[in-house]
Amino acid sequence: MLLLTSCENFLKANQVKNEIEESIEIANSSPILYYIIADKDSGTVSPSQATLKKKQSVNLLFTPADGWNFICWEALDRTTGEPVPDAIQFENPQKLETKATIIKPTENLMIHPKCQLVPKVIEITPKFDNSGCDQDRTIEIIFNKS
């Protein structure tokens, strides 16, 4: 008796086996707590934390405070503050509202809305009025950031 099998079915069987093994690994793993933290005074995030396993997702929302520009969502190491690429996938990292999906479950990560304070003049001295000012006087302009 001659038995023939196609390579396509063989490859699909291997893929199914890998998917089953990954599903078992995910089911047996413990969920990880991820904190969702914005910089001080930059705005508010929702939710503030999520407990997730691999392939699970959370919907994120950031509302920037006045004077702050949102840049993107990022995953950071909570100890070093360094970006951790490929651990979390953002559906659209440049949108205020997006979905984050865990790709590589990693302890001690935080989800962070990267923002930038918009430069703004806080004070100018001397105060100018209609009478003018001394031409040799130093003018000082103070901004809200360096």
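Each remark here, short or long, concerns the structure printed above.
Quick notes on the rules
Counting restarts for each chain, with residues numbered from 1 along the sequence as it is written. Predicted model: local features are reported for residues with pLDDT of at least 70 only, side-chain atom pairs are reported and counted for 80 or more only, and whole-chain, interface and lining totals are derived from all residues. To get the side-chain values, take all heavy atoms of the structure and skip hydrogens and water. Side-chain rings of Phe, Tyr and Trp, where Trp is taken by its six-membered ring, are said to pair if the distance between their centres is within 6.5 Å; with planes under 30 degrees apart they count as stacked, over 60 as edge-to-face, and otherwise as tilted. Helix and strand assignments come from DSSP, with helices taken as H or I runs of at least 4 residues and strands as E runs of at least 2, each series counted from the N terminus. Only protein chains enter the accessibility calculation, which uses a 1.4 Å probe; a residue whose area is less than 20% of its type maximum is buried, one above 50% is exposed, and one in between is partly exposed. What we call a nonpolar core is a set of buried Ala, Val, Leu, Ile, Met, Phe, Trp, Tyr and Cys residues that are connected through their side-chain atoms within 4.5 Å. Contact between two residues is taken to exist if any of their heavy atoms lie within 4.5 Å; hydrogens are not considered. Identification of polar contacts relies on pairs of N or O atoms within 3.5 Å, with a donor-acceptor requirement for protein atoms, meaning one able to donate a hydrogen and the other able to accept it, and with residues adjacent in sequence counted only if both atoms are side-chain atoms. Computed over the protein atoms alone on a 1 Å grid, cavities are sets of points where a 1.4 Å probe fits but cannot get out and pockets are open sets with protein on both sides within 12 Å along at least five of seven lines; a residue lines them when it has an atom within 4 Å of a point. Grid points are joined across faces, edges and corners, and a volume is the space filled by probe spheres set on the points. Residues are grouped as follows: Ala, Val, Leu, Ile, Met, Phe, Trp, Tyr, Cys and Pro are nonpolar; Asp, Glu, Lys and Arg are charged; every other residue, Gly included, is polar. Here, strands pair whenever DSSP counts at least two bridges between them. The convention used is that axes are lines fitted to C-alpha atoms, helices contributing only their stretch in contact, and that angles between N-to-C directions extend from 0 to 180 degrees.

A. Structural view of the packing of aromatic side chains. Going through the model one piece at a time under the given rule, you end up with three aromatic pairs. Between Phe-62 and Trp-73, the ring centres sit 6.4 Å apart and the planes meet at 85°, which makes this aromatic pair edge-to-face. Taken as a pair, Phe-62 in strand β4 (residues 57-64) and Trp-73 in strand β5 (residues 68-77) lie far apart in primary sequence, 11 residues in all. Of the two residues, Phe-62 and Trp-73, both sit in the buried class. Among the aromatic residues, those joined into a ring-pair cluster are Phe-62, Phe-70 and Trp-73.

B. Just the nonpolar core, in detail. Within the largest apolar cluster, 21 residues are counted, with the highest numbers of intra-cluster contacts made by Tyr-34, Leu-60, Trp-73, Ile-88, Phe-90, Ala-100 and Ile-111. Looking at this core, the element that brings in the most residues is β5, giving four residues. Beyond its immediate chain neighbours, meaning those up to four positions away, Ala-100 contacts Gln-56, Ser-57, Val-58, Leu-60, Ile-88, Gln-89, Phe-90 and Ile-111.

C. Structural context of the side chain of Ser-42. Assignment of secondary structure puts Ser-42 in the loop between β1 (32-36) and β2 (43-46). Here Asp-39 takes part through its backbone oxygen, which lies 2.7 Å from a polar atom of the side chain of Ser-42.

D. A look at the layout of surface pockets. What the largest pocket holds in volume is close to 150 Å³. Residue assignment for the lining of the largest pocket shows that the elements contributing at least two residues are β5 and β6 (88-90). By residue class, the composition of the lining of the largest pocket is seven nonpolar, one polar and two charged.

E. Up close: the sheet that holds β5. Here four strands make up an open sheet; going across it, the order is β3-β1-β8-β5 and the pairing mixed. The open sheet terminates on both sides in strands that have one partner only, identified here as β3 (49-52) and β5. Direction aside, neighbouring strands of the sheet carry axes that sit 20° apart on average.

F. The arrangement of the pairing of strand β7 (residues 97-102) in detail. Across five bridges, the pairing between β4 and β7 is antiparallel. Pairing of Asn-59 across the sheet is with Lys-99, part of β7. Relative to β7, β6 runs antiparallel, the two sharing three bridges. Residue Ile-88 lies in a different strand from β7, and its bridge partner there is Ile-102.

G. Fine view of the environment of Leu-61. Secondary-structure assignment places Leu-61 in strand β4. Residue Leu-61 is classed as partly exposed on the basis of its relative accessible area of 34%. Those residues in contact with Leu-61, other than ones at most four positions away along the chain, are Thr-44, Val-45, Ser-46, Trp-73, Leu-96 and Glu-97.

Fair warning: the whole summary comes from geometry, so function is off the table for now.
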